[in-house]
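# Coordinate analysis (summary)
So the chains spell out like this:
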Amino acid sequence: EQPIFSTRAHVFQIDPNTKKNWVPTSKHAVTVSYFYDSTRNVYRIISLDGSKAIINSTITPNMTFTKTSQKFGQWADSRANTVYGLGFSSEHHLSKFAEKFQEFKEAARLAKEKSQEKMELTSTPSQESAGGDLQSPLTPESINGTDDERTPDVTQNSEPRPEPTQNALPFSHSSAISKHWEAELATLKGNNAKLTAALLESTANVKQWKQQLAAYQEEAERLHKRVTELECVSSQANAVHTHKTELNQTIQELEETLKVKEEEIERLKQEIDSARELQEQRDSLTQKLQEVEIRNKDLEGQLSDLEQRLEKSQNEQEAFRNNLKTLLEILDGKIFELTELRDNLAKLLERS
């Protein structure tokens, strides 16, 4: 057997006790493959977890693969008496697996129909041979007995006639009839041998058919018991279906909630990115502000120095003004004294 299609999924089985809950049979996603058995002309689904076969299901025409959600599907295997469930990573993988399931299910149905047609074609000639064999042993014997009885009659009827010229024609006629019937007898004996061989073959076929019929009856009894068991379980099936519907609704609600949360997470990521940009701008502005504050301190130091120098200059100017004022006062006093001295000298000149 060679895999004809493979995918990866999480494998589950229905809980055999409750028939409601799913029990995971693999801790992580494993490979699930379709196989074709050319000797038995069947398709199978096989999955291995290490060296353990967690799925070994033969696809039959009455199986159905059901999608219970966007990423989960299931099918029931009556031979394994369980229900398998597969959880996929995406809806595309689920759809592809379902398409392959339907394809191989149809192939299994066609193979079964061809097998039944072949059995019917094989059984039809055997039945015809058997019917001929049942009648053939009687026919040659009756015909042989008739030939044995007719040949002496013809000979005896030709002997009582006394005239040789008249007896020659009936005797030759009876010899021809005897040879004809001997040829017919040989032919019938050959046919009888052939029919006897066919009868033996049909008898062997009948024995084989009886064995097959007994096997079919046992299979029918087993299936009848299985149907009885399924009818007993059918009461639980409704509860399982209701619970399954509720779970599907819950899963759908959770998926919608998850979708909303994902959208909210995406929005928060965008806000975080915007906040990061604002933080970077804030850090840049803070750095610039620090540089401005440092420059401002330098300017304040320079301003303070200039104010001190200005104050010193003002003090020096004030002192210089005071000195000039003092000098002007002294100069005014000297000028006044000189004026008085001139006036006195003028008076002296006038007196002299």
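Labelled according to an unreviewed UniProt entry, the protein appears under the name Homer protein homolog 1, originating from Eschrichtius robustus. In UniProt, the protein has this text filed under Sequence similarities (unreviewed entry): "Belongs to the Homer family."

## Quick word on the overall build of the protein
When you go through the protein residue by residue, the secondary structure sums to three helices and eight strands. Secondary structure elements in the protein, listed N-terminal to C-terminal, are β-β-β-β-β-β-β-β-α-α-α. Once local pairs closer than 6 in sequence are excluded, the contacts in the protein between residues at least 24 apart make up 53%. Here the protein displays about 26600 Å² of accessible surface, and carbon together with sulfur accounts for 54% of that area.

## Some words on the packing of aromatic side chains
The final tally for this structure, using the stated rule, is 14 aromatic pairs. Their ring planes at 45° and their centres at 4.8 Å tell us that Tyr36 and Tyr43 sit as a pair that is tilted. Its relative accessible area of 28% is what places Tyr36 among the partly exposed residues. According to the relative accessible area criterion, Tyr43 is buried, its value standing at 14%. Here Phe65 and Phe97 contribute two aromatic rings whose centre-to-centre distance is 5.4 Å and whose plane-to-plane angle is 55°, an arrangement assigned as tilted. Here Phe65 is found in the loop between β5 (52-58) and β6 (66-67), whereas its partner Phe97 is found in helix α1 (residues 91-135), with 32 residues between them in sequence. Here Phe65 and Phe97 have matching classes, each one buried.

## Side note on a negative patch on the surface
On the surface, Glu266, Asp273, Glu277 and Glu280 cluster together into a patch of negative charge. With respect to the element layout, Asp273 can be found in helix α3 (residues 164-351).

## A short note on the pairing of strand β4 (residues 42-49)
With respect to burial, β4 is a largely interior element, six of its eight residues being buried. As paired elements, strand β3 (residues 30-37) and β4 share six bridges and run antiparallel to each other. By the bridge assignment, Asp37 is partnered in β4 with Val42. Here β3 folds back onto β4 in antiparallel fashion, the turn holding four residues, of which Asn41 has a positive phi close to 60°. As paired elements, β4 and β5 share six bridges and run antiparallel to each other. Looking at β5, one finds that Asp49 is bridged to Lys52. Here β4 folds back onto β5, and the loop between the two strands holds two residues, one of which, Gly50, carries a positive phi near 75°.

## Thoughts on the nonpolar core
Formed by 22 residues in total, the largest nonpolar core has its most connected members in Tyr34, Ile45, Ile55, Trp75, Leu86 and Phe97. For this core, the secondary-structure elements that each account for two or more residues are β1 (2-14), β3, β4, β5, β8 (82-87) and α1. Tallying contributions element by element places α1 first for this core, with five residues. Ignoring any residue separated from it by four or fewer positions in sequence, one finds Trp75 in contact with Ile45, Ile55, Ser57, Met63, Thr64, Phe65, Val83, Tyr84, Leu86, Phe97 and Phe101.

## So, the pattern of salt bridges
Per the counting criterion, the structure on display carries six salt bridges. Note that Lys100 is salt-bridged to Glu103, the shortest N-O span being 3.8 Å. Pair noted here: Lys100 and Glu103 are both in helix α1, with a separation of three residues, about one helical turn. Residue Glu103 is classed as partly exposed on the basis of its relative accessible area of 45%. With a closest N to O distance of 2.7 Å, Glu271 and Arg267 form a salt bridge. Of this pair, Glu271 and Arg267 both sit in helix α3, four residues apart, which is roughly one turn of the helix. Arg267 gets classed as partly exposed once you look at its relative accessible area, which sits at 40%. By sharing partners, the salt bridges in this structure join Glu106, Arg109 and Glu113 into a single network.

Conventions and cut-offs
Residues numbered from 1 in each chain as written. Predicted model: local features only at pLDDT ≥ 70, side-chain atom pairs only at ≥ 80, totals over all residues. Heavy atoms only, no water. UniProt positions renumbered as here; feature names shortened; annotations may be inferred. Helix = DSSP H or I, 4+ residues; strand = E, 2+ residues; numbered from the N terminus. Contact = heavy atoms within 4.5 Å. Areas by Shrake-Rupley, 256 points an atom, 1.4 Å probe, with all protein chains shown as cover. Phe/Tyr/Trp six-rings, centres within 6.5 Å; stacked < 30°, edge-to-face > 60°. Buried < 20%, exposed > 50% of the residue type's maximum accessible area, 1.4 Å probe, protein only. Patch = residues over 30% accessible without salt bridge, like charges linked within 9 Å, V, L, I, M, F, W, Y side chains within 5 Å. Salt bridge = Lys/Arg side-chain N within 4 Å of Asp/Glu carboxyl O. Lys, Arg positive; Asp, Glu negative; His and termini not counted. Charge placed at Lys NZ, Arg CZ, Asp CG, Glu CD. Pairing = 2+ DSSP bridges. Core = buried A, V, L, I, M, F, W, Y, C linked by side-chain atoms within 4.5 Å.

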